[in-house]
Amino acid sequence: MIYLDNAATTRMYDECAEIADKYNRELYFNPSARYRLALKAEEAVKKARAVIAAKLGADEGEIYFTASGSEADNIALLCSLRRKSGRAIVGAAEHSAVYQCACELERRGYEVVFAPVTRCGAVDIAAFSMLLTADTVLVSIMHVCNETGAVNDLKAITSLVRKKSPRALVHSDGVQAFGKLPVNVRALDVDLYSVSGHKIHAPKGVGALYAKKSVHLSPFVFGGGQEKGVRSATENVAGICAFAKAAEIIYSRVDGCAEGTEKGRAAAEEYLKENIDDIVIISERGKCLDTFLSLAVKGVRGEVLVHVLDDMGIMIGTGSACSSHSSNKRIPKVLGLDEEYWDGMLRLSISDLNDRSDLLEGCKALVDAIKAERKYAKK
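Here the structure is a predicted model, which means the values were calculated and not measured. (Residues numbered from 1 in each chain as written. Predicted model: local features only at pLDDT ≥ 70, side-chain atom pairs only at ≥ 80, totals over all residues. Heavy atoms only, no water.)

1. Some details on the overall build of the chain
In terms of helices and strands, the chain carries 11 helices and 12 strands. Here the chain has a C-alpha radius of gyration of 21 Å; the compact-globule value for 379 residues is 21 Å, and the two agree. Across its three principal axes, the chain shows a C-alpha extent of roughly 70 × 55 × 35 Å. Looking at the chain residue by residue over its 379 residues, the buried ones come to 55%. Of the contacts formed within the chain by residues at least 6 apart in sequence, a portion of 73% connects residues at least 24 apart. (Helix = DSSP H or I, 4+ residues; strand = E, 2+ residues; numbered from the N terminus. Rg over C-alpha atoms; globule rule 2.2 N^0.38 Å. Buried < 20%, exposed > 50% of the residue type's maximum accessible area, 1.4 Å probe, protein only. Contact = heavy atoms within 4.5 Å.)

In structure tokens, the structure reads:
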């Protein structure tokens, strides 16, 4: 089996599975209880919060644990605004969790505008700058595009916001960046930043939101007052502790994997270009993470190719798993792809658990599948 859909989810690290098992079966106690073993669970959550804070360059009190990156995005966009009107600027290629929240803000009476993106999925900074106004209350631009791996220059974006819209909050969905890039929320000057566990080999069902101390968050889940009253619910101790461990492991490996990943990504792209006509490589090298290879192929359906490769023991994606069941063509449209390429959009993504040859082997199988499908279509 070759797994090439790590942007959708990742296999849990063995060390994280062991930690999750420990806190699910041995130290399974409610951290809010007052007996001795429950206090150990409470202390474990506190230590995990410190780890995530350190990896983000934040203070412990600025980290809120959530059930997912999507939930963190929802809290950031729907619970942070004090003003009841104004402009919200959102990247046109944002993850559906942010895009749907933007639609909800529009229903609530905010003016929502979408910042154009380049062909590789990064926000067009010049166009973005023109959208900033004095009444802008919120900006949400992802750090790394989940569809293409494009890296946005968050520091340049926040600098523009501070100059032209000083009263606006800046949020970034960092789900695809965390664990792949160094992240320092202070240096980036963001007010809110979302991360997720299962994208970095932690369990599903855990994420976190950084919120600067000056940001007041309204309650998202009412109840017992956990997470400073923002998200009440018994803490997912097992998930939180495994998340912290995953963050420690992945950041100990990220630099060592970079060179081999870059070479493997380049070889895979060249193979595709040499062997397939009418193909667009969306993930532009130098502007996108080398763990992503997004492309669009003319004359084939990406969903069909996914099933063909699945039968061969190779798993790839057609884009964000959160929108894979939708017929929405929002992403290929905003990327400026010609309509004849829309159905053939594919995403291959690797992690530090992949062998160096996996991406190239996947592309070789993909080339064979494309040729077979095109031949079949001509009959």
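After that view, the rundown keeps rolling.
2. A short note on the environment of Arg374
Tracing the chain through its elements places Arg374 in helix 11 (residues 358–378). It is 6.8 Å that separates the C-alpha atoms of Arg374 and Val300, two residues lying 74 residues apart in sequence. Beyond its immediate stretch of four places on either side in the chain, Arg374 contacts Ile276, Asp277, Asp278, Val297, Lys298 and Val300. Polar side-chain contacts of Arg374 include one of 3.5 Å to the backbone oxygen of Asp278. Within the structure, the side chain of Arg374 is placed 2.8 Å from the backbone oxygen of Lys298, a separation counted as a polar contact. (Polar contact = N/O pair within 3.5 Å; in protein donor to acceptor, adjacent residues only side chain to side chain.)

3. Topic: the environment of Ser70
Within the element layout of this structure, Ser70 appears in helix 3 (residues 69–78). Residue Ser70 is classed as partly exposed on the basis of its relative accessible area, which comes to 27%. In sequence terms Ser70 and Val195 are 125 residues apart; their C-alpha atoms lie 8.8 Å from each other. Ignoring any residue separated from it by four or fewer positions in sequence, one finds Ser70 in contact with His95 and Ala97.

4. A look at the pattern of salt bridges
Here the structure, examined in full by the defined rule, presents 26 salt bridges. The salt bridge partner of Asp191 is Lys212, with a shortest N-O separation of 3.2 Å. Placement of the pair is Asp191 in the loop between helix 7 (185–188) and strand 7 (192–196) and Lys212 in the loop between strand 8 (207–211) and helix 8 (237–275), with a sequence separation of 21 residues. Exposure remark for Lys212: the relative accessible area of 21% places this residue in the partly exposed category. Put simply, Arg265, Glu269, Glu270, Lys273 and Arg285 are held in one network by salt bridges that share partners. (Salt bridge = Lys/Arg side-chain N within 4 Å of Asp/Glu carboxyl O.)

5. Notes on the side chain of Asn152
With respect to the helices and strands, Asn152 occurs in the loop between strand 5 (136–140) and helix 6 (154–164). In this structure Asn152 comes out as buried when scored by relative accessible area, which is 4%. Looking at Asn152, its side chain comes within polar contact range of the main-chain nitrogen of Val123, at 2.7 Å. Among the polar contacts made by the side chain of Asn152, one reaches the main-chain carbonyl oxygen of Met142 at a distance of 2.8 Å. Sequence-distant contacts of Asn152, defined by excluding residues within four places in its chain, comprise Ala122, Val123, Ile141, Met142, His143 and Ile157.

6. Focus: the domain arrangement of the chain
Once the domains are mapped, the chain shows domain 1 (2–10 + 255–374) and domain 2 (14–252). One C-alpha centre belongs to domain 1, the other to domain 2, and the line joining them spans 27 Å. Counting residues at the interface gives 29 residues for domain 1, matched by 28 residues for domain 2. Viewed at the interface, domain 2 and domain 1 are joined by zero salt bridges. Linking domain 1 to domain 2 there are 15 residue pairs in polar contact (both at pLDDT 80 or more). (Domains from an automatic or database assignment.)

7. A few points about the nonpolar core
Membership of the largest hydrophobic core comes to 81 residues, with the highest contact counts inside it found for Leu56, Phe128, Tyr193 and Phe243. Ranked by residue count, the leading element in this core is helix 8, at 12 residues. Per-domain counts for this core show at least three residues from each of domain 1 (2–10 + 255–374) and domain 2 (14–252). Aside from chain neighbours lying at most four places away, what touches Phe128 is Ile89, Ala115, Val123, Val139, Ile141, Ile157, Leu160 and Val161. Of all hydrophobic cores here, the second largest spans 26 residues; its members include Leu293, Val306, Leu309 and Leu359. (Core = buried A, V, L, I, M, F, W, Y, C linked by side-chain atoms within 4.5 Å.)

8. A word on the packing of helix 3 against helix 4 (residues 96–107)
The interhelical angle for the contact between helix 3 and helix 4, taken along N-to-C directions, is 30°, at an axis separation of 9 Å. Accordingly, the angle class assigned to the pair helix 3 and helix 4 is roughly parallel. Helix-helix and strand crossings are classified by hand; for helix 3 and helix 4 the assignment is right-handed. Between helix 3, through Ser70, Asp73, Asn74, Leu77 and Leu78, and helix 4, the contact on the second element is made entirely by Ala97, Val98, Cys101, Ala102, Glu104 and Leu105. In the contact of helix 3 with helix 4, the residues fall into seven nonpolar, two polar and two charged. (Axes fitted to C-alpha atoms, helices over the stretch in contact; angles between N-to-C directions. Parallel < 35°, antiparallel > 145°, perpendicular 65-115°, else oblique. Left-handed = near helix turned anticlockwise from the far one by under 90°. Nonpolar A, V, L, I, M, F, W, Y, C, P; charged D, E, K, R; others polar.)

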